[in-house]
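Notes for the structure review
The lines below spell out each chain.
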Amino acid sequence: MLVIIKHPLIEAKLTKMRSKDTSHDEFRKNLNEIASLMVYEILRDYKTKPLKVVTPIGIETIGQALDKEIVIIPILRAGLGMTNGILDLVPQARVGHIGIYRDEKTMEAKDYFFKIPEVAKDSYILVVDPMLATGVSSDDAITKLENLGFKNIKLICLVGVEKGIKRIEKEHPNVDIYLVSEDTKLNENNYIVPGLGDAGDRIFGTKGK
Ligand code: URA
């Protein structure tokens, strides 16, 4: 299922991120803030368990506690730019990391790092990568997680295009995809149009502004 999360605050922050004049610190701040707003919506279907507490006036009441583990898995390196924003809302989450780069000649995904927490297979797995372009990296990461037996995987991106969306929907029909914008297309260099440029460079300030 594809979900496009719409909210005026998200729209304004995304527009700021799209501007080539936005500095890396502002870009990173807005990305983390959007990630927080997204995860608030995404965890709406999260199952809770009853929890009994006693209030300061001595009254026992039944509330709710988070039940299953939540694991954030940023795809390196741009996914790191959304991780703190999610941790702000879900501080108890564990964090795994998957390092993948795309071989520009063969277009195949090549892995260089894979470290996932030891958690139950029905944990909530949030794979994060701001740009869903060709879908090669996300497809590869999700395939590895599914092969390990994880059943409850969500893919959280910022912007995506049809090519990447279709790939994930076809290869991983049980994985929900969350975006804040479906952009127009990929250009000849596989950059998203209008997009945000190279998300990793913009988050970490490795090129230009
Ligand atoms: N990755 C990026 O960082 N930007 C794009 O536009 C596409 C993939």
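Scroll up to find the structure.
Cut-offs applied
Throughout this description, residue numbers start from 1 for each chain and increase along the sequence as written. In view of the model being predicted, local features appear only for residues whose pLDDT reaches at least 70, and side-chain atom pairs are presented and counted only at 80 or more, with totals across whole chains, interfaces and linings using the full set of residues. Values reported for side chains reflect all heavy atoms of the structure, with hydrogen atoms and water molecules removed beforehand. In this text, helices come from DSSP runs of H or I with a minimum length of four residues, and strands from runs of E with a minimum of two, each type numbered from the N-terminal end. It is over C-alpha atoms that the radius of gyration is taken, and the globule rule equals 2.2 Å times the number of residues to the power 0.38. Throughout this description, buried means an accessible area under 20% of the type-specific maximum (1.4 Å probe, protein chains only), exposed means over 50%, and partly exposed covers the range between. A contact between two residues is defined here by any heavy atoms of the two lying within 4.5 Å. In this tally Asp and Glu are treated as negative and Lys and Arg as positive; neither His nor the chain ends contributes. For charged residues, the charge sits on one atom: NZ in Lys, CZ in Arg, CG in Asp, CD in Glu. Like-charged residues within 9 Å of one another, or nonpolar side chains (Val, Leu, Ile, Met, Phe, Trp, Tyr) within 5 Å, are grouped into patches, provided each residue has over 30% relative accessible area and no salt bridge. We get accessible surface area from the Shrake-Rupley algorithm with a probe of 1.4 Å; when it comes to residues, only the shown protein chains can shield them. Whenever Lys or Arg places a side-chain nitrogen within 4 Å of a carboxyl oxygen from Asp or Glu, that contact is recorded as a salt bridge. Multiply 1.5 Å by the residue count of a helix minus one, and that product is the helix's expected span. A molecule or strand has a residue near it when one of that residue's heavy atoms lies within 4 Å. We call two N or O atoms a polar contact when they sit within 3.5 Å, provided that within protein one can donate a hydrogen and the other can accept it, with sequence-adjacent residues counted only if both atoms are side-chain atoms. Polar here means any residue other than Ala, Val, Leu, Ile, Met, Phe, Trp, Tyr, Cys and Pro, which are nonpolar, and Asp, Glu, Lys and Arg, which are charged; Gly is therefore polar. The reported arc concerns the directions from the helix axis to the C-beta atoms and nothing else.

1. Observations regarding the overall build of the protein chain
Within the protein chain, the regular secondary structure consists of six helices and 15 strands. A compact globule built from 209 residues should have a C-alpha radius of gyration of about 17 Å, and the protein chain, at 18 Å, falls within 12% of that. Dimensions along the principal axes, computed over C-alpha positions, put the protein chain at roughly 65 × 40 × 25 Å. Across the 209 residues that make up the protein chain, the buried fraction comes to 45%. Taking the contacts inside the protein chain whose residues are at least 6 apart along the sequence as the reference set, 64% of them involve residues at least 24 apart. In the protein chain, 30 side chains carry a positive charge and 30 a negative one; their mean positions are 1 Å apart.

2. Quick notes on a nonpolar patch on the surface
A cluster of nonpolar residues, Y101, Y112 and F113, forms a patch on the protein surface that exposes about 340 Å² of accessible area. Take Y112: it is sitting in strand β7 (residues 109–115). Overall, Y112 belongs to the partly exposed group, its relative accessible area being 48%.

3. Remarks on the environment of E182
Tracing the backbone shows E182 in strand β13 (residues 181–182). Residue classification places E182 among the partly exposed residues on the basis of a relative accessible area of 40%. When the C-alpha positions of E182 and I165 are compared, they lie 9.0 Å apart, and in sequence the two are 17 residues distant. Sequence-distant contacts of E182, that is, excluding residues within four places in its chain, are made with L2, I4, G160, E162 and I165.

4. Here's the deal with helix α2 (residues 24–42)
With 19 residues, α2 extends 26 Å from end C-alpha to end C-alpha; this agrees with the ideal 27 Å at 1.5 Å per step. Among all positions in α2, only F27, N30, L31, N32, I34, A35, S36, M38, V39 and I42 are buried. Its buried side turned inward, α2 meets α1 (8–18), α3 (80–89), β8 (124–128), β10 (153–156), β12 (176–179) and α6 (199–204).

5. Focus: the site of the ligand
Around the ligand sit M131, A133, N190, Y191, I192, G197, D198 and A199, and that is every residue in its neighbourhood. Between a nitrogen atom of the ligand and a main-chain N or O atom of G197, the distance comes to 2.8 Å. Contact between the ligand and A199: an oxygen atom at 2.8 Å from a main-chain N or O atom of the residue. In isolation the ligand exposes 240 Å². Once the protein is present, 83% of that is buried. For the shell around the ligand, the class distribution of residues is five nonpolar, two polar and one charged.

6. Quick look at α1
Those residues of α1 that sit buried are I10, K13, L14 and M17. The buried side chains of α1 occupy one side of the element, clustering within an arc of 100° when seen end-on. Residues P8 and T15 are exposed on α1 and point more than 90 degrees away from its buried face. Of the surrounding elements, those touching the buried residues of α1 are α2, β11 (159–160), β13 and α6.

Function-wise, these values are silent; they only describe arrangement.
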